[in-house]
Amino acid sequence: MSNQITAKTITDSEFFYGHKACSGCGGSLAVRIALKVLGEGAISVLPAGCMSAVGFNYPHLCFSNNSIISTFAGTASMLTGVEAGARAVGIKNFKAVGLAGDGGTADIGIQALSGAIDRNDDILYICYDNEAYMNTGIQKSGLTPFGAKTTTTPSGENIHGNIRPKKNLFEIVAAHDIPYAATASIGNLKDFMNKIEKASKIKGTAYIHVVAPCPIGWGIPVNETIDIARKMMDCGLWYLAEYENGQFKLNKNPREFSSIKDYLLSQGRFKHLDDADIEILAAQRDAKWAAIRKNWNTTEEEL
Amino acid sequence: MNKPTLRSYQKPQKLSDYPLGTASEAGHLVTKNSGWRNERPIITDACINCLQCYLYCPDGVILKTEHGLDIDYDFCKGCGICEKICPKQAIKMEVE
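In this report, we go over the structure that sits alongside the text. (Residues numbered from 1 in each chain as written. Chains lettered and ligands numbered in written order. Predicted model: local features only at pLDDT ≥ 70, side-chain atom pairs only at ≥ 80, totals over all residues. Heavy atoms only, no water.)

## A look at the overall build of chain A
Looking only at helices and strands, chain A has eleven helices and ten strands in total. In summary, chain A has a C-alpha radius of gyration of 18 Å against a globular reference of 19 Å for 303 residues, a match within 12%. Here the C-alpha coordinates of chain A stretch approximately 60 × 45 × 40 Å along the principal axes. Across chain A, the fraction of contacts at a sequence separation of at least 24, relative to all contacts at a separation of at least 6, is 70%. Carbon and sulfur atoms provide 53% of the accessible area of chain A, an area that totals close to 11,800 Å². Positive and negative side-chain charges in chain A, numbering 30 and 31 respectively, have mean positions lying 3 Å apart. (Helix = DSSP H or I, 4+ residues; strand = E, 2+ residues; numbered from the N terminus. Rg over C-alpha atoms; globule rule 2.2 N^0.38 Å. Contact = heavy atoms within 4.5 Å. Areas by Shrake-Rupley, 256 points an atom, 1.4 Å probe, with all protein chains shown as cover. Lys, Arg positive; Asp, Glu negative; His and termini not counted. Charge placed at Lys NZ, Arg CZ, Asp CG, Glu CD.)

Here it is in structure tokens:
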């Protein structure tokens, strides 16, 4: 596509600035970039979670677009209301955008999200996935991967962290036959920016699931947020894909994977894993990729 | 360039000064984040203006100017992502 958004062409304006997120926070980068792509017409809705906690500290308010906190479960339903309301009063060139964490999306807000997709409301829902309830101090969410240590899934002699796999929210959303859904990662902002641009032009509901590592919760140095997001894609535990017109499409199809062990053991939350645990994760990864390569469109095209 | 800027804030003195709710003007910044920082990034002459640091900074504090890139030290938290992302090692971290 010729009109790609790049670091050179993206607006200089900042819409999420001076926020109180931890040093090296991945979620704040996802929100910052999303709002830069959407511009001042974005009306953002944030449920309880890191980004509302660090963005709204009255009188210190870090969003320079219109922005509001919703109930924890009601991001998508508030988006529905914001969109209908803005349209009713004649506001032009706006985009109702939800910025919710993995817990607020996959667990607590999933009913409202499902309802909004069912009604095909003209909204954009972005889930920044840091794989646990980080804001309240690292509790397991539905998107916490197998083996990860959180305060509610500790690792001991018998049980090695979380015993359940990560929910596949991208495919759960796609199963609603949504007009547009995509996965992304802050490790590849070019891909993320252009998916937001594409999603913002969709008539109807659009959903983007962006992985945004949390240095505190993942147990990594604060300057390695981007590196770990890239390693996660390189080792095959995350993939960049889209769902559109009833078809799944893989954006990047790596010829070989980097070491899954290196990715896992470089993080505090996976330090306790033994070889058998790592084997389970590798087997899950291989089964997933086999299914993707068999059933999805894997012609790589730049967005 | 349009970004929220730091402004002075008067604490309410009497009851009638208090607002009815916690809603306010967008982009209303009253405190700096510079106190969080142990190390500050310095952009050296090796910079080729590829803008990767500008793009990947979680706080958006790297600014495009006519003379290359500049850093807003009022809000830089010193995480060092810019140093790591730089393909030319043009950013050095300096202990505060």
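Next comes the rest of the write-up.
## Considering the interface of chain B and chain A
Contact residues are listed per partner, giving 41 residues for chain B and 41 residues for chain A. Both faces considered, chain B and chain A share a buried interface measuring about 3,400 Å² in area, 55% of it formed by carbon and sulfur atoms. Its largest share of buried area at the contact with chain A, chain B owes to L55(B), Y56(B) and K84(B), together 18% of the area lost on that side. Across the salt bridge formed by K84(B) and E224(A), the nearest N and O atoms sit 3.6 Å from each other. Joining chain B to chain A, the criterion identifies 26 residue pairs in polar contact (both at pLDDT 80 or more). Secondary structure elements with two or more residues in the side of chain B that touches chain A: β2 (28-29), α1 (52-56), β4 (62-65) and α2 (81-85) of chain B. (Buried area = accessible area lost by both parts, 1.4 Å probe. Salt bridge = Lys/Arg side-chain N within 4 Å of Asp/Glu carboxyl O. Polar contact = N/O pair within 3.5 Å; in protein donor to acceptor, adjacent residues only side chain to side chain.)

## A look at helix α1 (residues 26-38) of chain A
Residues and elements named next belong to chain A. Counted at 1.5 Å a residue, the expected span for α1 with its 13 residues is 18 Å, and the 19 Å between its end C-alpha atoms agrees. Taking burial as the measure, the 13 residues of α1 include 13 buried ones, the bulk of the element. Once α1 finishes, G39 follows within two positions and takes phi at roughly 80°, a positive value. (Expected span 1.5 Å × (residues − 1). Buried < 20%, exposed > 50% of the residue type's maximum accessible area, 1.4 Å probe, protein only.)

## A word on the pairing of strand β6 (residues 124-129) of chain A
All names here are of chain A. Burial analysis of β6 places six of its six residues in the buried class, which makes it a mostly covered element. Where burial is concerned, the two faces of β6 agree: the one with L124, I126 and Y128 and the one with Y125, C127 and D129 are both buried. Where strand β5 (residues 95-101) lies against β6, five bridges are found, and the strand directions are parallel. The residue bridging A100 from the neighbouring strand is C127, located in β6. Here β6 pairs with strand β8 (residues 206-211) via six bridges, running parallel. Its bridge partner lying in β8, I126 is registered against I208. (Pairing = 2+ DSSP bridges.)

## Let's talk about the state of the cysteines
In the structure shown here, the tally under the stated rule is zero disulfides over all chains. Here C50(A) stays free of any disulfide, with the sulfur of C214(A) as its closest cysteine sulfur at 6.4 Å. In this structure C50(A) comes out as buried when scored by relative accessible area, which is 17%. The thiol of C47(B) is not disulfide-bonded; the next cysteine sulfur, from C53(B), is found 6.3 Å away. (Disulfide = S-S within 2.5 Å.)

## Section: unusual backbone geometry
Residues and elements named next belong to chain A. In the segment running from Y58 into P59, the intervening peptide bond is cis, with an omega of 5°. In this structure, N120 takes a positive phi of about 55° despite not being glycine. Among the secondary structure elements, N120 is positioned in the loop between α5 (110-119) and β6.

## Description of the packing of helix α3 (residues 75-88) of chain A against α5(A)
The angle between the axes and the distance between the axes are what describe a pair of packed helices. Residues and elements named next belong to chain A. Orientation of α3 relative to α5, taken along the N-to-C sense of each, is 40°, at an axis distance of 6 Å. Classed by the angle they form, the pair α3 and α5 counts as oblique. Contacts between α3 and α5 involve A76, S77 and T80 on the former and, on the latter, A112, L113, A116 and R119. Split into classes, the residues belonging to the contact of α3 with α5 amount to four nonpolar, two polar and one charged. (Axes fitted to C-alpha atoms, helices over the stretch in contact; angles between N-to-C directions. Parallel < 35°, antiparallel > 145°, perpendicular 65-115°, else oblique. Nonpolar A, V, L, I, M, F, W, Y, C, P; charged D, E, K, R; others polar.)

## A closer look at the environment of G204(A)
Structurally, G204(A) can be placed in the loop between α7 (189-200) and β8. Separated by 85 residues in sequence, G204(A) and R119(A) place their C-alpha atoms 8.7 Å apart.

## Points about the sheet that holds strand β1 (residues 42-46) of chain A
All names here are of chain A. On the basis of which strands lie adjacent, the open sheet formed by eight strands has the order β4-β1-β5-β6-β8-β7-β9-β10 and mixed pairing. Strands with a single pairing partner mark the edges of an open sheet, and in this sheet they are β4 (66-69) and β10 (247-250). Strand-to-strand twist across the sheet, computed as the mean angle between neighbouring axes with direction ignored, equals 15°. Pairing analysis gives three bridges linking strand β7 (residues 180-185) to strand β9 (residues 241-244), with the strands arranged antiparallel. Pairing of A181 across the sheet is with Y243, part of β9. Across the sheet, α1 lies against β1, β5, β6 and β8, angled at about 175° from β5, the strand it touches most.

## What to know about the pattern of salt bridges
Side chains bearing opposite charge may pair, as long as their charged atoms lie close to each other. Scanning all chains against the criterion turns up 28 salt bridges over all chains. With a shortest N-O distance of 2.9 Å, D122(A) and K203(A) are connected by a salt bridge. Of this pair, D122(A) sits in the loop between α5 and β6 while K203(A) is found in the loop between α7 and β8, placing the two residues 81 residues apart along the sequence. In this structure D122(A) comes out as buried when scored by relative accessible area, which is 18%. Salt-bridge contacts for K14(B) lead to D17(B); the nearest nitrogen and oxygen are separated by 3.6 Å. The exposed category is assigned to K14(B), whose relative accessible area is 52%. Given the relative accessible area of 35%, D17(B) is considered partly exposed. Look at the salt bridges and you will find they share partners, linking D129(A), E131(A), K166(A) and R269(A) into a network.

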